[in-house]
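Here are the chains, one letter per residue:
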Amino acid sequence: SVVSYSSVINACTRDGKDAKAEFWFDRMLDRRVEANSIIFNSIINGCARKGDVASAERWVERMKQNSLKADVVTYSSVINACAQNGDAERAEAWLKAMVDSGVPPDGRCYNTVINACAQAGSVDKAQQWLEDMLVSGVEVDSVCYNSVIKACARVGQVEMAEEWFRRMAKAGVQADEVTYSTLRKACAGMGEMYKAEDWLQRSIDA
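An account of the accompanying structure is given in this report. If you're wondering where the values come from, they're calculated on a predicted model, not measured in any experiment.

About the criteria used
Residue positions are given per chain, counted from 1 along the sequence in the order it is written. For this predicted model, a pLDDT threshold of at least 70 governs which residues receive local features, and a threshold of 80 or more governs which side-chain atom pairs are given and counted, while totals over whole chains, interfaces and linings are taken from all residues. Just so you know, side-chain values use all the structure's heavy atoms and leave hydrogens and water out. Paired rings are identified among Phe, Tyr and Trp, the last through its six-membered ring, by centres lying within 6.5 Å, and are further divided according to the angle between planes into stacked (under 30 degrees), edge-to-face (over 60) and tilted (the rest). Starting at the N terminus, helices and strands are each numbered in turn, a helix being any DSSP run of H or I of at least four residues and a strand any DSSP run of E of at least two. The buried label goes to any residue with under 20% of its type's maximum accessible area, the exposed label to any with over 50%, and the partly exposed label to all in between, with areas taken from a 1.4 Å probe on protein chains only. Remark: a charge is flagged as sitting over a ring if the NZ atom of Lys or the CZ atom of Arg is within 6 Å of the ring centre and within 35 degrees of the ring normal. Expected span of a helix, by definition, is 1.5 Å for each gap between consecutive residues, and there is one gap fewer than residues. Residue contacts are defined here by distance: any two heavy atoms, one from each residue, within 4.5 Å place the two residues in contact.

### Topic: the packing of aromatic side chains
Here's step 1: Under the criterion given, the structure shown has 10 aromatic pairs.
Here's step 2: Here the aromatic rings of Phe165 and Trp199 are separated by 4.7 Å at their centres, their planes lie at 80°, and the arrangement is edge-to-face. With a gap of 34 residues between them, Phe165 in helix α10 (residues 158–170) and Trp199 in helix α12 (residues 193–205) connect regions that are remote in the sequence. For the residue pair Phe165 and Trp199, the accessibility class agrees, reading buried in each case.
Here's step 3: One aromatic cluster in this structure is built from Phe25, Phe40 and Trp59.
Here's step 4: A cation over a ring is seen here: Arg202 above Trp199, with NZ or CZ 4.2 Å from the ring centre.

### Notes on helix α7 (residues 107–119)
Here's step 1: A rise of 1.5 Å per residue sets the reference length of α7, with its 13 residues, at 18 Å; its end C-alpha atoms lie 18 Å apart and thus fit the reference within 8%.
Here's step 2: For α7, the full list of buried residues reads Cys109, Tyr110, Asn111, Thr112, Val113, Ile114, Ala116, Cys117 and Ala118.
Here's step 3: Contacts made by the buried residues of α7 are with α5 (72–84), α6 (88–100), α8 (123–136) and α9 (142–154).
Here's step 4: One or two positions beyond α7, positive phi appears at Gly121, with a value near 80°.

### Describing the environment of Asn66
Here's step 1: The topology assignment puts Asn66 in the loop between α4 (53–65) and α5.
Here's step 2: Linking Asn66 and Ala19, residues 47 residues apart in sequence, is a C-alpha distance of 20 Å.
Here's step 3: Asn66 has contacts with Leu29 and Phe40, leaving out every residue within four places of it along the chain.

In short, the description is geometric, and any link to function would need to be established separately.
Next up, the structure:
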């Protein structure tokens, strides 16, 4: 049954034995047992955990060929794999594909792409994705705001970083030590010591 094959395939992917997982998958199809999205997602996630984007993408195609629709788990796995490889553009492409296919991204998908763009120094893109996230109605946490604040601070855009802090506070999201530390270091790096001291005091008072 599909449940029996699924348990074996899951075990293989969990142990990093992707070739064996593919063997059992093909064996399952040969026996005319219909695959489901759970099995595909297990294999895709196994590829993603290793950062093997090409294999993950290949399995997404096989999933479509079997008339199964990619879901949040599918897209999240591939986006994570792209981000893990430092490929922000590819991560963005998959998030766009997710939106275009009618699958609503969750906060984790957005944050992965925002952080990937921030790490790549693509400040404008990181900000745009956060804007899109806010418009979508998905809950935005401090991690998302911090990613953008860090991206702005890294390129010396202190005023923009501070603007995102204000927007964060207005949205009712609690700033944490990462937020304050980022702003403090950014101001100090620009030689604005009075501002750095102010952010230190704010963190103490928070």
